[in-house]
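# Breakdown of the fold
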Amino acid sequence: MHITLRQFQVFEAVARHLSFTQAAKELHLSQPAVSMQIKQMEEQIGLHLFEHLGKQVFLTEAGREAYRYSRVIAQQLEEMEAVMAELKGASRGKLTISVASTANYFIPTLLGVFHERFPDVTVSLNVTNRETLLRQLSENEVDLVVMGQPPKDMDLEAGAFMDNPLVVIAPPEHPLAKEKNIPIARLGDEIFLTRERGSGTRSAIERFFKQRGIRLNTGMEIASNEAIKQSVQAGLGLGLLSRDTLEMELALEKLVILDVEDFPILRHWYVMHRKGKRLTTVAQAFKDFLLTEARAILHPPAPV
Ligand code: PGA
């Protein structure tokens, strides 16, 4: 039995009005077109759906059964339309984002605020390194990516939404901890615990040292901001990390930021996707949210 959705819709209208003329009017069809759809549907089913007694139209028993089903189908279609409309309105839907490991320190807070506004949005958050982020961008695997410096060799739409200053950290008892305006050349005498290759922080630091002709003495390569902080506290060397990773240690005075000339290294956080990508409504809403509100949520102006 091959009944089309259109035949069902026409049938539903005729059955509801018990009139071919009324159904034709409602559906903006000619009456012969309506009759044709019903005839074809009856042929498919192998039973008559209507009886004509004089000018009056009646449903047959098969017609009454078919009408029951057609009502259910019509309701389901209406429901689907409403769900799709909701999806367009971003109150539901799925958001898939990938962020650099350093962004892990603030993205959950932002997702918390976003979730309050769109509680029915399901979020899939992936925290990974820059190399994976670049692959995901090029293969269009996720809705949005959040990281530092966008790559120059990719056609991207990238919007900066917040500062990402990189600072030099030391344990509070370090000899440089109390010094002011430390000449940058002094860093050449220190051992640094650096992030792994492929990390955005790492490449920004290497660029910075190279531009100033200072040697970067890498004591240990550590692929985790947390482990770098612990190792700096343990006196294994200095660290160079995003200020965003340090809130807790600074508050507890377990680490201090050294006052070095030319620091902090000024960077920004970007939200990005491939140029021309058609963002879902939810993704667009989250992107707008980052661009317009993230800074104020994470770094509210100090009360005066
Ligand atoms: P990360 O930093 O890759 O060092 O975690 C993010 C970035 O700067 O892109």
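Residues numbered from 1 in each chain as written. Predicted model: local features only at pLDDT ≥ 70, side-chain atom pairs only at ≥ 80, totals over all residues. Heavy atoms only, no water.

## Things to note about the overall build of the chain
The number of helices and strands found in the chain is 10 helices and 12 strands. What you see for the chain is a C-alpha radius of gyration of 32 Å, clearly larger than the 19 Å of a compact globule of 304 residues, by over 25%. Along the first, second and third principal axes, the C-alpha set of the chain runs to 105 × 45 × 30 Å. Residues counted as buried form 41% of the 304 residues belonging to the chain. Counting contacts in the chain only where the partners sit at least 6 residues apart, residues at least 24 apart contribute 74% of the total. (Helix = DSSP H or I, 4+ residues; strand = E, 2+ residues; numbered from the N terminus. Rg over C-alpha atoms; globule rule 2.2 N^0.38 Å. Buried < 20%, exposed > 50% of the residue type's maximum accessible area, 1.4 Å probe, protein only. Contact = heavy atoms within 4.5 Å.)

## Notes on the environment of Ala294
The residue Ala294 is located in helix H10 (residues 281-298) in this model. If we ignore the near neighbours within four places in the chain, the residues touching Ala294 are Leu110, Phe161, Met162 and Phe289.

## What about the layout of surface pockets?
Of the voids in this model, the largest pocket is the one considered here, and its volume is about 470 Å³. Looking at the largest pocket, it is lined by 18 residues, and the ones nearest its centre are Arg243, Asp244, Glu247, Leu298 and His299. For the lining of the largest pocket, the secondary-structure elements that each account for two or more residues are strand E6 (156-163), helix H8 (225-233), helix H9 (247-251) and H10. Counting residues per element, the lining of the largest pocket draws most heavily on H9, at 3 residues. (1 Å grid on protein atoms, 1.4 Å probe; cavity = no way out; pocket = protein on both sides within 12 Å on 5 of 7 lines; lining within 4 Å. Points joined across faces, edges and corners; volume = space filled by probe spheres on them.)

## Examining the nonpolar core
By size, the foremost hydrophobic cluster in this structure holds 33 residues, and its most contacted members are Leu95, Ile107, Val146, Phe161, Phe286 and Leu290. Those elements giving two or more residues to this core turn out to be strand E3 (92-100), helix H5 (107-117), helix H6 (130-138), strand E5 (144-147), E6, strand E12 (268-274) and H10. In terms of residues, this core owes the most to one element, H10, which gives 7 residues. Not counting residues within four places of it along the chain, the set of residues in contact with Phe161 comprises Phe106, Val146, Trp269, Tyr270, Val271, Leu290, Leu291, Ala294 and Arg295. (Core = buried A, V, L, I, M, F, W, Y, C linked by side-chain atoms within 4.5 Å.)

## Things to note about the side chain of Lys287
By the element assignment, Lys287 lies in helix H10. Looking at Lys287, the relative accessible area reads 11%, which means it is buried. Beyond its immediate sequence surroundings of up to four residues, Lys287 is in contact with Leu144, Glu157, Val271, His273 and Leu279.

## Let's talk about the site of the ligand
For the ligand, the full set of nearby residues is Ala100, Ser101, Thr102, Arg130, Met147, Gly148, Arg195, Ser199, Gly200, Thr201, Arg267 and Trp269. Ser101 is positioned with one of its side-chain polar atoms (N or O) 3.0 Å from an oxygen atom of the ligand. Here Gly200 contributes a backbone N or O atom positioned 2.9 Å from an oxygen atom of the ligand. With the chains in place, 100% of the 270 Å² that the ligand exposes on its own is no longer accessible. Under a 2 Å grid-point criterion requiring more than half of the atoms, the pocket assigned to the ligand is the largest cavity. (Near = heavy atom within 4 Å. Polar contact = N/O pair within 3.5 Å; in protein donor to acceptor, adjacent residues only side chain to side chain. Areas by Shrake-Rupley, 256 points an atom, 1.4 Å probe, with all protein chains shown as cover. Sits in = over half its atoms within 2 Å of the grid points.)

## What about the pairing of strand E2 (residues 56-59)?
Of the two faces of E2, the one lined by Val57 and Leu59 is fully buried and the one lined by Gln56 and Phe58 carries no buried residue. Two strands pair when backbone bridges link them, and strand E1 (residues 50-53) and E2 are joined in this way by 4 bridges, in the antiparallel orientation. Opposite Leu53, over in E2, you have Gln56 as the bridge partner. The antiparallel hairpin formed by E1 and E2 contains 2 residues in its connecting segment, where Gly54 sits at a positive phi of about 65 degrees. (Pairing = 2+ DSSP bridges.)

## Some thoughts on empty space enclosed by the protein
Summed over the entire model, instances satisfying the criterion amount to 2 cavities of 30 Å³ or more. If you add up the space inside the largest cavity, you get close to 120 Å³. Looking at the lining of the largest cavity residue by residue, the class counts come to 3 nonpolar, 10 polar and 3 charged. Three or more residues apiece are contributed to the lining of the largest cavity by two domains, here domain 2 (89-162 + 268-298) and domain 3 (166-257). At 3 residues, E12 tops the list of elements feeding residues into the lining of the second largest cavity. Looking at the lining of the second largest cavity residue by residue, the classes come out as 4 nonpolar, 3 polar and 4 charged. (Nonpolar A, V, L, I, M, F, W, Y, C, P; charged D, E, K, R; others polar. Domains from an automatic or database assignment.)

## Observations regarding the sheet that holds E3
In space, the 5 strands of this open sheet follow the order E4-E3-E5-E12-E6, with mixed pairing throughout. With partners counted over all chains shown, the strands left at the sheet margins are strand E4 (120-128) and E6, one partner each. For this sheet, the mean angle separating the axes of adjacent strands, direction not counted, is 25 degrees. Across 7 bridges, E6 lies against E12 in antiparallel orientation. Opposite Gly159, over in E12, you have Val271 as the bridge partner. Packing against the sheet, H6 makes contact with E3, E4, E5, E6 and E12, and its axis sits at approximately 150 degrees to E5. (Axes fitted to C-alpha atoms, helices over the stretch in contact; angles between N-to-C directions.)

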